[in-house]
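# Per-entry structural report
Below, each chain spelled out in residue letters.
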Amino acid sequence: MLKSLMVARAKEELEQETVDKEEEKQRYLEEKAPPLQTSGLSMTQLQDLCRELHAKVDVVDEERYDIEAKVMHNTREIKDLNIKVLDLRGKFKRPALRRVRVSADAILRSLLGSKHKVSMDLRANLKSVKKEDTEKEKTVEDQHSEQRISEWRMRGNKDITIFTFT
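All values derive from a computational prediction rather than experimental measurement.

Bringing the overall build of the chain into the picture now. The helix and strand inventory of the chain stands at five helices and two strands. A total of 166 residues make up the chain; the buried ones form 1% of that total. Contacts in the chain between residues far apart in sequence, at least 24 positions, make up 72% of those at least 6 positions apart. In the form shown here, the chain has an accessible surface area of approximately 16,500 Å², with 57% of it arising from carbon and sulfur atoms.

Okay, here's the thing in structure tokens:
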């Protein structure tokens, strides 16, 4: 019901818009080109009228030519800018990435060089904490997260996924 009302309303507005456009066109034509009164004019008056009409036609043609030249110039400029944009886009293609699995030790070795000894023992740098204090503060969520971490360690997951350029 609502949809049909909306369609009917849109149809009415479209019809009204076309009528308004026609009225505007008629008004413009009446203003710019009034009807000619040729009856009862002598030959010299008709020749003067023709000269006036030719002068008006010449002025309109000049304006039309100027507008066409501007449009052509702008069209050419838009095409040139589009070509420049495409050229710039073409020069800087993003390379396709490929998934590669590399261990953390290999990444550190590549970053630090082969001369340095790479150690992944991060626990050695941590300060020790009494177990009694930490056991009191543990919650159920902490226990679950520790269990997941220990399972991960048991599987020996030292690999890290990184992306490289192909």
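All right, on to the pattern of salt bridges then. When their charged atoms lie close together, side chains carrying opposite charge are able to pair. Taken as a whole and judged by the stated rule, the model has six salt bridges. As a salt-bridge pair, Glu17 and Lys21 come within 3.8 Å of each other at their nearest N and O atoms. Taken together, the residues span about one helical turn, with Glu17 and Lys21 both in helix H1 (residues 2–32) at a distance of four residues. Among the residues examined, Glu17 registers a relative accessible area of 43% and is labelled partly exposed. Residue classification places Lys21 among the exposed positions, given a relative accessible area of 56%. The partner of Glu68 in a salt bridge is Arg64, with the nearest N and O atoms 3.2 Å apart. Pair noted here: Glu68 and Arg64 are both in helix H2 (residues 43–91), with a separation of four residues, about one helical turn. Salt bridges linked by common partners bring Asp61, Arg64 and Glu68 together as one network.

Here the focus is the confidence of the model for the chain. The predicted coordinates should not be examined in detail at positions where pLDDT is low. Residues at a pLDDT of 70 or more form 68% of the chain, whose mean pLDDT is 78. By mean pLDDT, the top-scoring element of the chain is H1 (92), and the lowest-scoring one is strand S2 (residues 159–165) (53).

Turning to a negative patch on the surface, a few remarks are in order. Together, Asp58, Glu62, Glu63 and Asp66 make up a negatively charged patch on the protein surface. Looking at the secondary structure, you find Asp66 in helix H2.

Cut-offs and rules
- Residues numbered from 1 in each chain as written.
- Predicted model: local features only at pLDDT ≥ 70, side-chain atom pairs only at ≥ 80, totals over all residues.
- Heavy atoms only, no water.
- Helix = DSSP H or I, 4+ residues; strand = E, 2+ residues; numbered from the N terminus.
- Buried < 20%, exposed > 50% of the residue type's maximum accessible area, 1.4 Å probe, protein only.
- Contact = heavy atoms within 4.5 Å.
- Areas by Shrake-Rupley, 256 points an atom, 1.4 Å probe, with all protein chains shown as cover.
- Salt bridge = Lys/Arg side-chain N within 4 Å of Asp/Glu carboxyl O.
- pLDDT = per-residue confidence, 0-100.
- Patch = residues over 30% accessible without salt bridge, like charges linked within 9 Å, V, L, I, M, F, W, Y side chains within 5 Å.
- Lys, Arg positive; Asp, Glu negative; His and termini not counted.
- Charge placed at Lys NZ, Arg CZ, Asp CG, Glu CD.

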